[in-house]
Amino acid sequence: MITAIIYLVKITITRGRINDFKNQLLEEADYFELLELRKVILRTQQNNQEVPVANLLDSNLKIYIVLKMCFFLLASVSNYLDFRPDQKRRMAMRVPKAPGFASMMKEGAKYMHGLDEAVYRNINACKELCETTSSSFGPNGLNKMVINHIEKLFVTNDAASILREIDVVHPAAKILMLASEMQEKEVGDGTNYVILFASKLLENAEDLLRMGLSQSEIIDGYLLAMSKALEILPKLELDVGIKLTKDNLNEHDALISKILQTAISSKLFGYHEFLGELVTRACLVVSNDGTHSFNVDNVRVCKILGGGLLQSSMVSGMVLKREIDSEVTKVQQAKIAVYSCPIDIQVTETKGTVLLKSADELLSFSKDEETGIESQIKAIHDSGINVIVSGGKIGKLFLYYIYLVLVHFTFSILGEMALHFLNKYQIMAVRLMSKFDLRRVAKTIDAVVLPKLRTPTHEEIGYCDNIYLDEIGDTSIVVFKHQKSTISTIILRGSTEQILDDCERALDDAVNNFKALTKEQALLPGGGAAEIELAQQLTTYAQTCPGIEQYAIKRYAETFDCIPKILAENSGCKSTEILAKLYVGHQDNKNLGFLIGSNQAITKERTTQPIDITCETSDMKLNALYDLYITKKWALLFATKAACTVLSVDEIICAKPAGGPKPKENKGWDNDD
Amino acid sequence: MQPMIIILKEGTDSSQGKSQVLSNISACQAVAEAVRTTLGPRGMDKLIVDNRGKATISNDGATILKLLEVVHPAARTLVDIAKSQDAEVGDGTTSVVLLTGEILKNCRQFIDDGMHPTVIIRALRKAAAIANQKVKEIAVSVKTDDAKEQRALLEKCAATTLSSKLIARQKEFFSKMVVDAVLILDDLLPLNMIGIKKVNGGSLEESRLVAGVAFKKTFSYAGFEMQPKQYQKPKIAMLNIELELKAERDNAEIRLDNVEEYQKIVDAEWTILYSKLEKLHLAGVKVVLSKLPIGDVATQYFADRDMFCAGRVQEDDLKRTQKACGGAIITTVENLNESVLGSCQHFEEQQIGGDRYNFFTGCPKAKTATLILRGGAEQFIDEVERSLHDAIMIVRRAVKNDSVVAGGGAIEMALSRTLRDFSRTIAGKEQLIIAAYAKSFEIIPRQLCENAGFDATNILNKLRQKHAENGIWFGVDISREDVTDNFLAAVWEPAVVKINAITAASEAACLILSVDETIKVPKSVAETSNAAKQMGMGG
């Protein structure tokens, strides 16, 4: 009962209508089942009578008296309130929001506010996310099995893929996810790094918040620390003896292979040396095209189930999982015409009917069509073309004529010309299913894609050293092998689909690293060496800062510990011990980092040598474990920005999720991969 | 009152940690258990009834696993490697699954003891590399220069594969047939150029190999009976056109203004058909095959002129005919000449069991072969077909890679011994793991013995003793319940089969060990009940 009264009082204060209190009291009294009381009050007011003394004993009346006392009290307060309008609002704020705020929104909406409700919760959510990904960080990271919403199985330790498939819904965790997605788009590697670093930053921020720092102070400190870190980072550049520039990448393939191996080793440790060399060769083929822009799309991966990873190989040119449509399955020194249209009888877009007037027309109708086709193919053949690649259907009649022409030709000259022309003048026809593949093939052989069936000019004809049908496992493939190709393909072998997919992601990271390398050639020591150095320098810097941001900068510096720490933890080492060693060692060698395994990996030649697995601190320069400067730079930037974004939130308002079917996503669309 | 923190979508199932690794291992072992008894010459078959009620009898690991529809994510890996083995070499699918299961089983104790999975994975990779190296080292290369010798080698390989199949009794008969079939093919050894035709009835021994093409008589129209059924050196036209009265073009329309013209049009349609037939006749074609129907007008026309025709021939049959007899598949009868027509020595229609078959033999470019299988039950012939497929694949591999190892558990014992010896040379945890990996290889001879009803421990002891004395080719002798030199006993397998099996099994084992967390996002169309979701994970 008393709570009811207090509630009423509060409502009144909130609404600031003290004068209405009485009426309201009477109305609301009904709600609180004070029917009796109401009657009494009404009676009192109407008759202006004294209440019989006997009734005073009635409990309801006791309350009435209490209420009346409140009324007077409030009336006096209201005068005060009118004097201080600001104060009034303040007081109103203190009232628990729930009923008032919730009444503004639809039922089911969520509203969280304040340090405990919003900030700590956000931080916790990010921490939880990080727990999932942290165990897959580094060469000794473990895989995750993720089954996504269409029941596809992923086995991977690639943070970007894990996050993409598990459908993160928490808003704060989603910010982290977006940050890692940005990293994926910007550099293509280091996605796990972003998640880890951002969530560790948040974890440290939590301590600072509990210490009493405000969110904005922490954010300021973090941003300051970040700019300082980005200032220090270039100074840590590793001198590897060779000055890499955009133009001399091709000459230092050994070094590049080492750099790319770092990226691969975090996914497929043990195979990194073999795959690193493969990717390096593939990338260098592509970057040879004379232009400075390196397109990741030009390194293709063709996954073929069966065999083992070590049976993978690289082809300069394209490899397609297709069959060849025509009889000829092998052409050397090919001259190729590429068509995006189906090679078939052209059909009008407009609906039309062929109108025949006489029997003669009927008789000659299909004959004319056939001679037309024959002349077309013959014209193409006469221009020296022996391979036709088409993005559309190749009509059966055309296929037949493609065959016929070659036979005609060989038969007509068989008299004196040598028999070898038999094989030389043959047309091969390949049909591609995807328009992107068509574009890539055209790029490989340097041909112009013709939208209409006509004889190509000299410039439009593509050349290829060797085109042939091959079989790997039980998959038949068409290989376009071209020495001067600007597209290279890595044929991946593996015993399960998952291994192949995971391997493809690792290669993708490596290729992206190469792309980053074409933009920026600076190298940093890997294995957490750069991080420890940053941590040390930042700590020193923090001590020079006079303001409260000193604490935040210090914490930012400490966050860098997490990288070698997690590396060590995932390898089953004592992380504290390793950290201590690293800090001590960094006094005189700033390239000291945490080294996993040895560089003696499994390769084709060296299969029997025992591999000593060490997990120790070591000089990164000597062990040739390099990270790219650009990856680190963006990772730091994205992680800090994401952490600051999460920190700057103090309220979370979630609208009620709308019912009904999800908006349709056009998943099946052929997007530009 | 307070909303919960939900990071992931509602209904997302996630499990992690050591227990996750262990449960994945258990799931894989359950799968391995399912195919365990099918290994070897004395392996038993499985009868699987799928959800449509179709019964399949098989002892082919890949076939069984495919039909089982495994849903457990980790166990699906095993199905995948069986498929990969099937794709790469075609045989040894059961052994690859068994081997993976056994490696995982032996590694289980290390996980239990708290060893870090990455340590195990690295050791396994190293061991696999050593094993592969060893296989390459001891594999015996058989020279291919001598055709006769190569043939003997291939036959032995085929016989070894077939000995573990349903048709083990007829292995001499079939291994010869399989080798013949493969040797007919061209360099690429395309599998689809070996046709397998199944005819119910008769006995297995009545199966035959046709160096050329044979296919079942197609649907025929009136007049077919009058056509001759036998030719010597006929010219063959393979068509992709319909020999029937029909509209020339779908969207063509004829408008006429007088009655005389109408009759002309009708005549013209007939003329079109007859001119096609006439052109074929004039070109001297004796046998007309078409992918599309050949109508009764055409059938009777051909019958009058001593020609044979068959319409609605299956596309792959037609393609194989073309490969065998030369020529091309013709899409128009204009410009017919010698080059587009095929020919063969002999064409005949024959009765096989209850069906009539068209035979094309003595083909000039015979790069294709047809196996006609006879046998009782349908399931039985199906299994024979699968067995022959395995044998064909093995022979194809053996043609490409001519090194062989001894089967019957011999190579496994040799590897086991090598690895065990190697493990003793290294210090540290890896010693244990490599020793466990070495032990895993013993599952193959052990299972061979168990399936044959022998005392596995006894035989294995004998084998270990022989191998310790450097008898690297000693394996299980199924016929005498003893050990014997399987290389001399001509139980041969291509080395590439073993290399692939070891690689695949190790990669799969590593993959399963490297997973420490499973996250299952609910299906996007989340209308399934909760019970169904949980069942999905239960696997």
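One numbering rule holds for all chains: residues counted from 1, following each sequence as written. Throughout, the order in which chains and ligands are written sets their labels, letters from A for the former and numbers from 1 for the latter. Only residues with pLDDT of at least 70 get local features here, since the model is predicted, and only at 80 or more are side-chain atom pairs given and counted; chain-wide, interface and lining totals rely on the full set of residues. Calculated side-chain values reflect all of the structure's heavy atoms, with hydrogen atoms and water omitted.

This part covers the overall build of chain B. Going along the chain from the N terminus, every DSSP run of H or I of four or more residues is numbered as a helix, and every run of E of two or more is numbered as a strand. Broken down by element type, chain B carries 17 helices and 22 strands. Overall, chain B is about 100 × 80 × 35 Å in size when its C-alpha atoms are taken along their principal axes. A 1.4 Å probe rolled over the protein chains alone gives each residue an accessible area, and that area as a share of the maximum for its type sets the label: buried under 20%, exposed over 50%, partly exposed in between. Here chain B holds 539 residues, and 55% of them are scored as buried. In this analysis, two residues are considered to be in contact whenever any of their non-hydrogen atoms come within 4.5 Å of each other. The contacts of chain B with a sequence gap of at least 6 include a subset with a gap of at least 24, amounting to 75%. Averaging the coordinates of the 68 positive side-chain charges in chain B and doing the same for the 70 negative ones gives two points 4 Å apart. Positive charge is attributed to Lys and Arg, negative charge to Asp and Glu, and no charge count is given to His or to the chain ends. Charged side chains are reduced to one point each, which is NZ for Lys, CZ for Arg, CG for Asp and CD for Glu.

This paragraph deals with the nonpolar core. Counting 165 residues, the largest nonpolar core has Leu275(A), Leu124(B) and Leu513(B) as its most contacted members. Counting residues per element, this core draws most heavily on helix H16 (residues 495–513) of chain B, which supplies 13 residues. Dropping the residues within four chain positions of it, Leu275(A) is found in contact with Ile264(A), Leu268(A), Leu492(A), Cys503(A) and Leu507(A). Among the nonpolar cores identified, the runner-up in size contains 78 residues, and Ala173(A), Leu230(A), Tyr556(A) and Ala639(A) belong to it. Put simply, buried Ala, Val, Leu, Ile, Met, Phe, Trp, Tyr and Cys residues joined by side-chain atoms within 4.5 Å make one nonpolar core.

For the rest of this paragraph, the subject is the sheet that holds strand S4 (residues 140–141) of chain B. Residues and elements named next belong to chain B. Read across the sheet, three strands follow the order S4-S18-S21 without closing on themselves; strand pairing throughout is antiparallel. In the strand order of this sheet, the two ends are held by S4 and strand S21 (492–494), each with one partner. Where strand S18 (residues 403–406) meets S21, three bridges bridge the pair, whose relative direction is antiparallel. Paired with Val404 across the two strands is Pro494, which belongs to S21. For two strands to be treated as a pair, DSSP must find no fewer than two bridges joining them.

This next bit is on the domain arrangement of chain B. Domain ranges listed in this record stem from an automatic or a database domain assignment. Taken domain by domain, chain B comprises domain 1 (13–141 + 405–520) and domain 2 (214–372). Each of domain 1 of chain B and domain 2 of chain B has a C-alpha centre, and these two points are 53 Å apart.

Here the focus is a nonpolar patch on the surface. All names here are of chain A. A cluster of nonpolar side chains, Met211, Ile548 and Tyr551, forms an exposed patch at the surface whose accessible area comes to about 280 Å². When you line up the elements, Tyr551 lands in helix H20 (residues 549–559). What makes Tyr551 partly exposed here is its relative accessible area of 40%. Each patch is built from residues lacking any salt bridge and having more than 30% relative accessible area; the joining distance is 9 Å for like charges and 5 Å for nonpolar side chains (Val, Leu, Ile, Met, Phe, Trp, Tyr). Here the Shrake-Rupley method, with its probe set to 1.4 Å, supplies the accessible areas, and only the displayed protein chains count as covering residues. Salt bridges are identified by distance alone: a Lys or Arg side-chain nitrogen within 4 Å of an Asp or Glu carboxyl oxygen.

Across all of its chains, the model carries 42 salt bridges over all chains by this definition. A salt bridge links Lys228(A) to Glu231(A); the shortest N-O distance between them is 3.4 Å. Of this pair, Lys228(A) and Glu231(A) both sit in helix H11 (residues 215–232), three residues apart, which is roughly one turn of the helix. Arg417(B) is the salt-bridge partner of Asp421(B), the closest N and O atoms lying 3.4 Å from each other.

Attention now moves to empty space enclosed by the protein. Site definitions follow a grid-based scheme: protein atoms alone, a 1 Å grid, a 1.4 Å probe that fits but cannot get out for cavities, and for pockets an open set with protein on both sides within 12 Å along at least five of seven lines, plus lining residues having an atom within 4 Å of a point. Grid points are joined across faces, edges and corners, and a volume is the space filled by probe spheres set on the points. If you walk through the whole model with that rule in mind, you get eight cavities of 30 Å³ or more. Put simply, the largest cavity is a space of about 680 Å³. Breaking the lining of the largest cavity down by element, the ones donating at least two residues are helix H10 (191–211), helix H12 (253–265), helix H18 (497–519), helix H21 (562–570), strand S15 (592–596), strand S17 (626–628) and helix H23 (629–647) of chain A. Both domain 2 (113–237 + 525–581 + 624–654) and domain 3 (249–316 + 492–521) of chain A contribute no fewer than three residues apiece to the lining of the largest cavity. Looking at the second largest cavity, its volume works out to about 290 Å³. Every residue lining the second largest cavity is counted, 20 residues in all, and those nearest its centre are Asn143(A), Lys267(A), Ile121(B), Arg125(B) and Ser514(B). Every element with two or more residues in the lining of the second largest cavity is listed here: H18 of chain A together with helix H5 (117–138) and H16 of chain B. Looking at which element gives the most residues to the lining of the second largest cavity, the answer is H5(B), with four residues.

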